[in-house]
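A look at the structure
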Amino acid sequence: MSRRSPRPKDAATLVLVRDSARGPEVLMGRRPSRQVFMPDQYVFPGGGVEACDRWVRPATELRPGVAARLARACTPARARSLAAAAVRETFEETGLALGLEAPAVNGRLRPEWQAFHATGLAPALDRLDYIYRAVTPPGLPRRFNARFFLARADDASGTLAGNGELLDLGWFPVSVAMDLPIPYITAVVLEELEHMHASAPDADGDRPVPVCIRVGRDHIHSHE
């Protein structure tokens, strides 16, 4: 009897980008060999949405255009949770906090967010753009309905030092990143980033968001 494929879990990924003499550079790290999902592959920081992400108190909310694009395929509350998860996972995996100074939180603070708030910051969701969505195909041990966010490295603070979930953390020119061992969808997002860098789309505009869903052996590309 074949094992039933798991339902995709909502996940969020953050593409941090900075300018350099070699062109745009992105922050990536290698997943350890012991990982069941995509071992030894270079990826952007990110991970699954958790209950704590719904209740975090950000310094700033999503910009209206970004929130509207996210809400095409989920509720506004879920859209906010996805953005918060991208910020939290990036902080956990890289030590970089996309946040602004904020008053200390009154009342109980979720454990997953304690280290972030200890920096004196709260998530700056208005620094995020929503650029891509991809659904992990059936047949893999883990599946994700992943949203990819984009932010400028200048808006993040802290020292690059992860928690071990990503190894060999570093800034890679897009052309170099394309030659690393990367998943198919990471290559697609890098290509999208190059296109956006060349065309400079309005982050708050009502633009379509590319979506990739695999059916059988084919990758189906569409928009939402």
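Structure's up top.
Scope of this entry: the structure provided in the associated data block. (Residues numbered from 1 in each chain as written. Predicted model: local features only at pLDDT ≥ 70, side-chain atom pairs only at ≥ 80, totals over all residues. Heavy atoms only, no water.)

Describing a nonpolar patch on the surface
A cluster of nonpolar side chains, I213, V215 and I220, forms an exposed patch at the surface whose accessible area comes to about 240 Å². Relative to the helices and strands, I220 resides in strand 12 (residues 218-223). (Patch = residues over 30% accessible without salt bridge, like charges linked within 9 Å, V, L, I, M, F, W, Y side chains within 5 Å. Areas by Shrake-Rupley, 256 points an atom, 1.4 Å probe, with all protein chains shown as cover. Salt bridge = Lys/Arg side-chain N within 4 Å of Asp/Glu carboxyl O. Helix = DSSP H or I, 4+ residues; strand = E, 2+ residues; numbered from the N terminus.)

Brief notes about the packing of aromatic side chains
For any pair of aromatic rings, the description consists of the separation of the ring centres together with the inter-plane angle of the planes. Considering all chains together, one arrives at five aromatic pairs under this definition. Taking the centre distance of 5.9 Å and the plane angle of 80 degrees together, the rings of Y42 and F172 count as edge-to-face. Taken together, the residues Y42 in strand 3 (residues 42-43) and F172 in strand 10 (residues 167-173) connect sequence positions 130 residues apart. A residue is classified by how much of its surface remains accessible, and F172, at 16% relative accessible area, is buried. Where Y130 meets F149, the ring centres are 5.9 Å apart and the plane angle is 40 degrees; that geometry is what we call tilted. With Y130 in strand 7 (residues 129-135) and F149 in strand 8 (residues 144-152), the pair connects residues that are 19 residues apart, well separated along the chain. Taken together through their ring pairs, the aromatic side chains of F91, W113 and F116 make up a single cluster. (Phe/Tyr/Trp six-rings, centres within 6.5 Å; stacked < 30°, edge-to-face > 60°. Buried < 20%, exposed > 50% of the residue type's maximum accessible area, 1.4 Å probe, protein only.)

Some details on the pattern of salt bridges
Taken as a whole and assessed by the stated rule, the structure comprises 18 salt bridges. Its salt-bridge partner being D10, residue R78 comes within 2.8 Å of it at the nearest N-O pair. With R78 in helix 3 (residues 76-94) and D10 in strand 1 (residues 9-18), the pair connects residues that are 68 residues apart, well separated along the chain. The exposure class assigned to R78 is partly exposed, which follows from its relative accessible area of 30%. Among the residues examined, D10 registers a relative accessible area of 16% and is labelled buried. Ionic contacts of the salt-bridge type, sharing partners, join the residues D53, R88, E89 and E92 into one network.

Function cannot be read off these values alone, since they describe shape.
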